[in-house]
Number of protein chains: 2
Amino acid sequence: RRGAMGRAMGLAGLLGGLFLVSAVLVGTSVRHGVPRAGAELEPELAEWDPASGAFAEDSLWPLPQSLSTSPRELRLAPERFQIVHGAGSAAGPACHLLQDAFRRYHEYVFGGSPWRPRARDGLGAGARREELAQLQVVVASSDPSCSGYPRLESREGYHLTITEPVAVLKADEVWGALRGLETFSQLVHEDDYGSFLVNASEIYDFPRFAHRGILLDTSRHYLPLKFILTNLNAMAFNKFNVLHWHIVDDQSFPYQSISFPELSNKGAYSYNHIYTPTDVHLVIEYARLRGIRIIPEFDTPGHTQSWGQGQKDLLTPCYNGRQPSGSFGPVNPILNTTYDFMARFFKEISRVFPDEYIHLGGDEVSFACWKSNPEVKDFMKKQGFGTDYAKLESYYIQKILDIVSSYNKGYVVWQEVFDNKAQLKPDTVIEVWMGNNYAEELSRVTKAGFTSILAAPWYLDYISYGQDWKKYYTVEPLNFLGSEEQKKLVIGGEACLWGEFVDATNLTPRLWPRASAVGERLWSSRNVTDLKDAYKRLANHRCRMLRRGIAAEPLFVGYCAHEARGQ
Amino acid sequence: RRGAMGRAMGLAGLLGGLFLVSAVLVGTSVRHGVPRAGAELEPELAEWDPASGAFAEDSLWPLPQSLSTSPRELRLAPERFQIVHGAGSAAGPACHLLQDAFRRYHEYVFGGSPWRPRARDGLGAGARREELAQLQVVVASSDPSCSGYPRLESREGYHLTITEPVAVLKADEVWGALRGLETFSQLVHEDDYGSFLVNASEIYDFPRFAHRGILLDTSRHYLPLKFILTNLNAMAFNKFNVLHWHIVDDQSFPYQSISFPELSNKGAYSYNHIYTPTDVHLVIEYARLRGIRIIPEFDTPGHTQSWGQGQKDLLTPCYNGRQPSGSFGPVNPILNTTYDFMARFFKEISRVFPDEYIHLGGDEVSFACWKSNPEVKDFMKKQGFGTDYAKLESYYIQKILDIVSSYNKGYVVWQEVFDNKAQLKPDTVIEVWMGNNYAEELSRVTKAGFTSILAAPWYLDYISYGQDWKKYYTVEPLNFLGSEEQKKLVIGGEACLWGEFVDATNLTPRLWPRASAVGERLWSSRNVTDLKDAYKRLANHRCRMLRRGIAAEPLFVGYCAHEARGQ
């Protein structure tokens, strides 16, 4: 089935098969997801000092699955250092995705210092002792996916060996190469004199979970394109790979449909508050270049007030006794026109969004309006649903799933669709969001054989005073009753930033670095749980995000060498 | 005594004395701090629509004491409209403060549309029917304070009459003129076709409280100068008049002292994280031009760890049994060198900061270290303090107050200085900050005859989910047991944004518009308490702040015509 098979390959697979391991490290400290001993700082009290004896690994985020570092430091010369395609790589200069990533990470590493083409002598003569001259990137798969889209099944593992005079980054697919470039960029640090250094190191790495998402909500507040792109950068810095784009909801319909332009003409906040087809394509491509999937959510039958503005007869008219009250409820499930509309609409969505999954919502459907409507009541009788409106909801959902299936798409739904006992296809992905007893829900969903994504403990719109990142960090997604088979059905999780109180003014600092805590939980080994160690690495990581233009808020007191410029 | 006399003059005084009231309004709705009827929206549910039938007064914030508006709309032509000194004004083109304010508010009103010098025909011929051609500003006092600093006693009342063809803004002092210019700028609105309109109106206005402050903390995190200046703009938009600059604390000492440069050399986070004398002067002047006082806080004897880095023997050595433990406690109160240092230090502070008040802190002094130190114990005996370390604290505070008094400065202290029964001069201002039973504390402080500032219910660093601005808004500062005389001793309040979790990345959206709620409570009439009306005005006001470059966060779902650009 979809989803379950997409879990990252294990360390054994990595070591045994794909990579020619040729570690020539002087080899000292080995770290397998276990924090470095001697990190004595007390996060609540610490005045964290980024200048104090920084180890390269003190800023790695999320922590790799396996890391060996040597005290031996290699120097990098911004004007000479290159990121290049290695010998035997299936990818070359025609791989636009990597070409773009090489330039991007050169800039992240050196902060925009110029690179100049090297003289013809190549590696040998020009390189100095103790210098790292190149990072060679080798993509193994005969189909490196340079022009494809990341998928749930994409392989993100990589093997990074940093020795003099060249470092080698090996990955099966470009998606692993992207993750390895991020890690490499995090390993390079500056000394007190501004020299760029990297410790000789070897890293084997792969994600614990295949689905590592951020939910953004562009309906409660419109988010200008620029902020979505900035967030995609931040996601890449934290090895997230899914943007769950909750694009429309009751409050507004900013998606500009090609087939139904009235939806945004009437349903968006204003003509300035829409995403044109060009905007959408730009988001998808910007994300693709960073190994991030875009899963759009078009939530029905509830949460659809804004749809009703531009599509006549789509919503159920509510009644006040015998008279229509003038207000409208969920999508009207009894009309053929509803399904004609949905078929055309989701045909467009299926084409516009290349990802194999669409999120179909299905949460918080209120039955009150359906119950008030005499025609709906008649329909219930005819169908033999009695007074069980959950059956009507299932009837609707079933038809929508059939429509979307016919376009060869998989789908994700919120947990109520499962809770209400809708007849679901076995390849449905259930997103668990309700805060009370989410562990029990995970048990039930996976026991029924469904693939699941966990969002419940990571509703980042719920803010509170203090270091709440610890709360998100200490969640263990697989801490529920169930067999090993059941646990494998949990393919990942999502940090959700619902938009009631979030817009462009506060999105970035509210999301980062709080979401980073979720990022490490979903990427790193299960035993990476030391809060003191995490505090130090995350404080450094947030300063790095600042340098890269992400206005991530502070964890606690302290400073960054380069504070936010902004505004 | 200082402070108490500074309260704003009443409406009666305004009407009776200073202004020649020449209201020629067609006169319709009169509003005396009472919300317009018919605002039916339910804030929790409302999808607020800034385009729907906007009345000019729907965006006024804080609400003036008295407002009459007419439906008659006057048009403003950006290229012709001028803000000028009116006939009989004590201020003229030599008043740099007003010249600067005129240009600034022209830009706020018209969003940077150009103004061109008018042809020689002056007012008459050029002006069209229904056009507002000028705002004439008349400052009455023979000493308009153009080059002075705002003070607690400054008069901020004004009288604004908007009729064709000229509007007149009258104020006793330039400080009132600044407040009136802000109100005028809030009254001008754009219609659907982009025309600038203002309703014929008359406003009498003055602040309810004389001290309306924002506390910023630049020690837990350094705030780049630019963000402090941006915040001063936001303060002016909300008629705040005091920046309480909590400039140093345990964590860092960013103030670059002229007399003791080692304090920041050793005590600042880094050389990039200091405020030079030039920076400080710039903040003071930028604030002055907006009618804002800068009250610096140099908190002692506690909260001084960073002072100890650059000033030997200033802090008390703590003992572990008979041995110094290597750590340090509060300022050492038993050494003459301490007071020599403080005398020189506060002499500098008194010169650098022109405000009549200095905040001397005095909060959260832990006695543990003093108790551990044998020399301190000897001193206690000699002084006859027994084991009452509050007496030692009072001894220290008394000496500091004497020093600061000798430089002709008044001072503010945190409530513990009063609670611990220090012998206080009668002109001490007590800042009440402890959350439990602040009303009782206000009773006690004012009963003892001291002037008081309320901060306790307005600790804006304590964030929570949802519309917490309502919590700040519904505080009534005078709701405590006490005589009328006691109530007069409460001269105002402060919204405090402590810096543990705040730096340049999140300062502005965390502070605004939540602090705006405090701003209206401290400026407007006591009976301005309607939450629905406040919601609508504040939502509009926050969109206006966005347009003016303040990244104020949203109150709830909705949008602004111009979203934040930022980053």
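Above this note sits the structure.
Residues numbered from 1 in each chain as written. Chains lettered and ligands numbered in written order. Predicted model: local features only at pLDDT ≥ 70, side-chain atom pairs only at ≥ 80, totals over all residues. Heavy atoms only, no water.

**Q** Would you explain the interface of chain B and chain A in this entry?
**A** How big an interface is tends to be stated in terms of the accessible area lost upon association of its parts. Across the boundary between the two partners, chain B contributes 48 residues, which contact 48 residues of chain A. At the surface where chain B touches chain A, the tally comes to 4 salt bridges. The residue Asp-503 of chain B makes a salt bridge to Arg-542 of chain A at a minimum N-O spacing of 2.9 Å. In this assembly, chain B and chain A are joined by 20 residue pairs in polar contact (both at pLDDT 80 or more). Elements represented by at least two residues in the side of chain B that touches chain A include exactly helix H5 (225-237), helix H17 (507-511) and helix H19 (531-547) of chain B. (Contact = heavy atoms within 4.5 Å. Salt bridge = Lys/Arg side-chain N within 4 Å of Asp/Glu carboxyl O. Polar contact = N/O pair within 3.5 Å; in protein donor to acceptor, adjacent residues only side chain to side chain. Helix = DSSP H or I, 4+ residues; strand = E, 2+ residues; numbered from the N terminus.)

**Q** Whenever I open this one, the pairing of strand E4 (residues 134-139) of chain B confuses me. Can you help?
**A** Residue and element names in this part refer to chain B. Most of E4 is tucked away: 6 of the 6 residues are buried. Covered by surrounding structure in E4 are Gln-134, Gln-136 and Val-138 together with Leu-135, Val-137 and Val-139, the residues of both alternating faces. With 4 bridges connecting them, strand E3 (residues 82-85) and E4 associate as parallel partners. In the strand pairing of E4, His-85 is matched with Val-137. Summarising the sheet, E4 and strand E6 (residues 166-171) pair through 6 bridges and their orientation is parallel. Considered in E6, the bridge of Val-138 is made with Lys-170. (Buried < 20%, exposed > 50% of the residue type's maximum accessible area, 1.4 Å probe, protein only. Pairing = 2+ DSSP bridges.)

**Q** Looking at this structure, how should I read the sheet that holds strand E11 (residues 293-300) of chain A?
**A** Residue and element names in this part refer to chain A. Judged by pairing direction, the barrel is parallel, and its 8 strands sit side by side in the order E9-E10-E11-E14-E15-E16-E17-E18 before closing back on the first. The sheet shows a mean angle of 30° between the axes of neighbouring strands, direction not considered. Bridge count between strand E9 (residues 211-217) and strand E18 (residues 490-497): 6 bridges; the pairing is parallel. Bridging from a neighbouring strand, Arg-212 pairs with Gly-493 of E18. (Axes fitted to C-alpha atoms, helices over the stretch in contact; angles between N-to-C directions.)

**Q** What's the story with the state of the cysteines in this structure? I'm lost.
**A** When the sulfur atoms of two cysteines share a covalent bond, that bond is a disulfide. The final tally for this structure, using the stated rule, is 6 disulfides over all chains. Covalent S-S linkage joins Cys-318 of chain A and Cys-369 of chain A, the inter-sulfur distance amounting to 2.2 Å. Here the disulfide of Cys-318 of chain A and Cys-369 of chain A is left-handed, its torsion about the S-S bond being about -110°. Here Cys-318 of chain A, found in strand E12 (residues 315-320), pairs with Cys-369 of chain A, found in helix H10 (residues 368-372); they are 51 residues apart in sequence, far enough to count as distant. Given a relative accessible area of 10%, Cys-318 of chain A falls into the buried group. Judged by its relative accessible area of 7%, Cys-369 of chain A falls in the buried class. Note that Cys-95 of chain B is cross-linked by a disulfide to Cys-146 of chain B, the S-S spacing being 2.0 Å. Because the sign of the S-S torsion sets the handedness, a value of about -100° for the bond joining Cys-95 of chain B and Cys-146 of chain B places this disulfide among the left-handed ones. One end of the pair, Cys-95 of chain B, is in the loop between E3 and helix H2 (96-110); the other, Cys-146 of chain B, is in the loop between E4 and strand E5 (158-162), with 51 residues separating them in the sequence. Exposure remark for Cys-95 of chain B: the relative accessible area of 2% places this residue in the buried category. For Cys-146 of chain B, a relative accessible area of 16% gives the class buried. The connectivity of the disulfide-linked cysteines in chain A, indexed sequentially, is 1-2, 3-4, 5-6. (Disulfide = S-S within 2.5 Å.)

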